[in-house]
Amino acid sequence: MSFFPVIIIGAGAAGLMCAAQAGARGRQVLLLDHANKAGKKILMSGGGRCNFTNMYSEPGNFLSGNPHFCKSALARYTQWDFIELVAKHGVPYHEKKLGQLFCDNKASDILNLLLAECDAAGVDLRLDTQIEKIDKLETGYRLLTSGGSFDCESLVIATGGLSIPTLGATGFGYQVARQFGHELLPTRAGLVPFTITEPQLKELCTELSGTSVEDCLVSCNGQSFKENILFTHRGLSGPAILQISSYWQPGDSVQINLLPHLDLPEWLAEQQRERPNSELKTLLGELFTKKMANLLAEQWFVSKPLKQYTPAELNTVATRLAEWTLVPAGTEGYRTAEVTLGGVDTREVSSKTMESLKSPGLYFIGEVLDVTGHLGGFNFQWAWASAHAAAQFV
Ligand code: FAD
């Protein structure tokens, strides 16, 4: 039986950060993971370049049943703190758009930075370790693992959510939470593409698979995002769709304005006056790809010279393009979702320390908690901030 003051389960973004910071405070830390490599999601993130934070991160970018919970941790470890750490390690980065910061080179720059910080802080990292049992002691916890038994004062659960099981995701953190009397909020896939099964729409998506439309306004349940959408052979994806998927529940409809930068009724009337002999198909071809224009003209409208449209017909065209309403059949689920919504109910966790209010010495950080960021570097910022908060107290 070995003793470590602090044991952290999960060597992902939050676990590595917490280990490094607690270690830097002089705490002896054992960091355990069942995977054969630390930080697998970091390596896959941001298309291999890791969107490690967002310059405009603020509490409004996070979904939670308890929206105030994230504020304190985000304020005490901000995007600027992480940017400073990135700069300290000389990792080159750039803003892609909308405040999203990406590595110039590879996501491994961020993982190596965290591993270097853990190394400098003397963290004992053990991979390929299965956690078989956790028991509560009078003070602290006892872990039975495939690598032996360990006692600790503080136990940090940083095992993430259910997204992408092939990258090591499990429901382990939720089981531990339940074991120690925590409530869980229902989990579901977030930042995930929609699937479409309605035959005509499915055909449109399949035919246009790979085509994106820039800066669409996508809305659902009172929330809107203006970003690109992408047709896929299974339905719809792209940043605006991923963002809205976190606000979507099965059965809800989604509204898409394909041309939010145009006042369509006015613009169409103007085109009718100025080029009466042009066909609607030609007009659409100037706004979308030719293939998309042809398909829309076939499926949604009757294409004819503009002069032949009555004002009411032109209005219908405008409405269809600005208020395209569809009901997704579902989402691609945890197989491709970037995050898991729901999880450990934050009403039973201290927002200052991330410590369980049910079981002293037990901490939850990162995605296992019911705090989910928008797309754009916010989920890593939550991992860094919640890890930092816990690291000051473990
Ligand atoms: P994770 O990083 O998932 O780490 C959990 C760790 O726990 C893993 O190492 C896992 O092996 C380990 N573990 C799980 N179960 C057990 C168990 N039973 N025993 C022991 N260990 C266990 N967010 C951004 O902000 N920017 C991006 O660019 C971005 N890109 C992404 C791309 C993809 C493909 C995906 C899937 C996600 C992306 N995200 C991104 C989201 C981000 O990766 C997560 O929100 C973040 O990694 C959560 O950190 P975490 O430490 O809580 O969990």
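Numbering of residues starts from 1 in every chain and runs along the sequence as written. It should be noted that, the model being predicted, local features are given only for residues of pLDDT at least 70 and side-chain atom pairs only at 80 or more, the latter also being counted only at that level, while totals for whole chains, interfaces and linings use all residues. Computation of side-chain values covers all heavy atoms of the structure but excludes hydrogens and water.

## Some details on the overall build of the protein chain
Secondary structure counts use DSSP, requiring at least four H or I residues in a row for a helix and at least two E residues in a row for a strand, with both numbered from the N terminus. Assigned secondary structure in the protein chain consists of 13 helices and 21 strands. Counting every position in the protein chain, which comprises 394 residues, the buried fraction comes to 55%. In this description, contact between two residues means that some pair of their heavy atoms is separated by no more than 4.5 Å. Counting contacts in the protein chain only where the partners sit at least 6 residues apart, residues at least 24 apart contribute 72% of the total. Positive charges are assigned to Lys and Arg, negative charges to Asp and Glu, while His and the chain termini are left out of the count. Note on charges: their place is set at NZ of Lys, CZ of Arg, CG of Asp or CD of Glu. The average position of the 33 basic charges and that of the 40 acidic charges among the side chains of the protein chain differ by 2 Å. Accessible area is worked out with a 1.4 Å probe on protein chains only. A residue is then buried under 20% of its type maximum, exposed over 50%, and partly exposed in between.

## Focus: the site of the ligand
For this purpose, a residue is taken to be near a molecule or strand whenever a single non-hydrogen atom of the residue falls within 4 Å of it. Near the ligand lie 28 residues; those nearest to it are Ala14, Asp33, Thr170, Glu367 and Phe380. Two N or O atoms count as a polar contact when they lie within 3.5 Å, although within protein this holds only if one can serve as hydrogen donor and the other as acceptor, and sequence-adjacent residues are included solely when both atoms are side-chain atoms. Threonine 170 is positioned with one of its side-chain polar atoms (N or O) 2.7 Å from a nitrogen atom of the ligand. Only helix H1 (13–24) and helix H13 (378–391) provide two or more residues apiece to the shell around the ligand. Of the residues forming the shell around the ligand, the biggest block, three residues, is contributed by H13.

## Considerations on the UniProt feature "domain: RsdA/BaiN/AoA(So)-like insert" (unreviewed entry) in the protein chain
Sites flagged by UniProt as "domain: RsdA/BaiN/AoA(So)-like insert" (unreviewed entry) map to residues 188–339. Split by type, residues 188–339 is 38% helix and 24% strand. Its first and last C-alpha atoms lie 9 Å apart. UniProt positions are given in the numbering used here, feature names are shortened, and annotations may be inferred rather than shown by experiment.

## Quick notes on the pattern of salt bridges
Between side chains of opposite charge, a pair can form when the charged atoms approach closely. Each salt bridge in this description consists of a side-chain nitrogen of Lys or Arg and a carboxyl oxygen of Asp or Glu lying within 4 Å of one another. One pass over the structure, following the stated rule, counts 11 salt bridges. For arginine 275, the salt bridge goes to glutamate 286, with nearest N and O atoms at 2.7 Å. Of the two residues, arginine 275 is situated in the loop between helix H9 (264–274) and helix H10 (280–287) and glutamate 286 in helix H10; the sequence distance between them amounts to 11 residues. The class for arginine 275 is partly exposed, based on a relative accessible area of 22%. Across the pair glutamate 313 and lysine 304 runs a salt bridge, and its minimum N-O distance is 3.3 Å. When its relative accessible area of 31% is taken as the criterion, glutamate 313 is described as partly exposed. Residue classification places lysine 304 among the buried residues on the basis of a relative accessible area of 19%.

## Considerations on the nonpolar core
Counting residues in each nonpolar core, the largest one holds 80 residues, and the members touching the most others are Ile110, Ile134, Leu155, Trp382 and Trp384. Once residues within four sequence positions are removed from consideration, leucine 155 is found in contact with Ile7, Ile9, Ile134, Tyr141, Leu143, Gly361, Leu362 and Tyr363. Buried Ala, Val, Leu, Ile, Met, Phe, Trp, Tyr and Cys residues that are joined via side-chain atoms within 4.5 Å together make up what is termed a nonpolar core. Within the second largest apolar cluster, 46 residues are counted, among which are Leu201, Leu280, Leu283 and Phe301.

## Some points on the domain arrangement of the protein chain
Domain boundaries shown here were taken from an automatic or database domain assignment. Looking at the assigned domains, one finds that the protein chain contains domain 1 (2–188 + 340–391) and domain 2 (194–331). Measuring from the centre of the C-alpha atoms in domain 1 to the corresponding centre in domain 2 gives 39 Å. On the domain 2 side, the residues contacting the eight residues of domain 1 number 10 residues. Two parts placed together each lose some accessible area under a 1.4 Å probe, and adding up what both lose gives the buried area. Here domain 1 meets domain 2 over a buried area of about 760 Å², counting both sides, of which 47% is carbon and sulfur. Area buried by domain 1 at its contact with domain 2 is led by Arg188, His374 and Leu375, which between them contribute 60% of it. The tally of links from domain 1 across to domain 2 stands at one salt bridge.

## Considerations on the packing of aromatic side chains
Between rings of Phe, Tyr and Trp, where Trp is taken as its six-membered ring, a pair exists when centres lie within 6.5 Å; planes separated by under 30 degrees are stacked, by over 60 edge-to-face, and by other angles tilted. The final tally for this structure, using the stated rule, is 13 aromatic pairs. Ring centres of phenylalanine 62 and phenylalanine 378 lie 6.2 Å apart, and the angle between their planes is 85°; this geometry places the pair in the edge-to-face category. Taken together, the residues phenylalanine 62 in strand E4 (residues 62–63) and phenylalanine 378 in helix H13 connect sequence positions 316 residues apart. Look at phenylalanine 378 and you get buried, because its relative accessible area is 6%.

## Re the sheet that holds strand E12 (residues 194–195)
Whether two strands pair comes down to DSSP finding at least two bridges between them. Read across the open sheet, the seven strands follow the order E17-E16-E13-E14-E15-E12-E18; overall the sheet is antiparallel. Pairing within the sheet leaves two strands with one partner each, and these edge strands are strand E17 (324–326) and strand E18 (330–331). Against the sheet, helix H12 (residues 311–322) makes contact with strand E16 (254–257) and E17, and its axis sits at roughly 115° relative to E16, the strand it touches most. Note on definitions: angles span 0 to 180 degrees between N-to-C directions of axes, and those axes are lines fitted to C-alpha atoms, for helices only across the stretch in contact.

## Some words on the sheet that holds strand E5 (residues 93–95)
Within the open sheet, the three strands sit side by side as E3-E6-E5. Their pairing is antiparallel. Each of the sheet's edge strands pairs with one partner strand only, and the pair in question is strand E3 (51–54) and E5. Across the sheet, the axes of successive neighbouring strands diverge by a mean angle of 30°, strand direction being ignored. The strands touched by helix H4 (residues 79–88) within the sheet are E3, E5 and strand E6 (100–103), with E3 carrying the most contacts at an inclination of about 140°.

## Quick notes on the UniProt feature "domain: RsdA/BaiN/AoA(So)-like Rossmann fold-like" (unreviewed entry) in the protein chain
UniProt records the feature "domain: RsdA/BaiN/AoA(So)-like Rossmann fold-like" (unreviewed entry) at residues 6–392, using the numbering of this structure. Along residues 6–392 one finds 33% helix and 25% strand; the C-alpha atoms at either end are 12 Å apart.

## Regarding helix H3 (residues 69–76)
Those residues of H3 that sit buried are Phe69, Cys70, Ala73 and Leu74. For H3, the buried positions fall inside an angular range of 100° around the axis, keeping them on one side. Packing partners of the buried residues in H3 comprise E4 and H13. Think of the arc as the fan of directions from the helix axis to the C-beta atoms.

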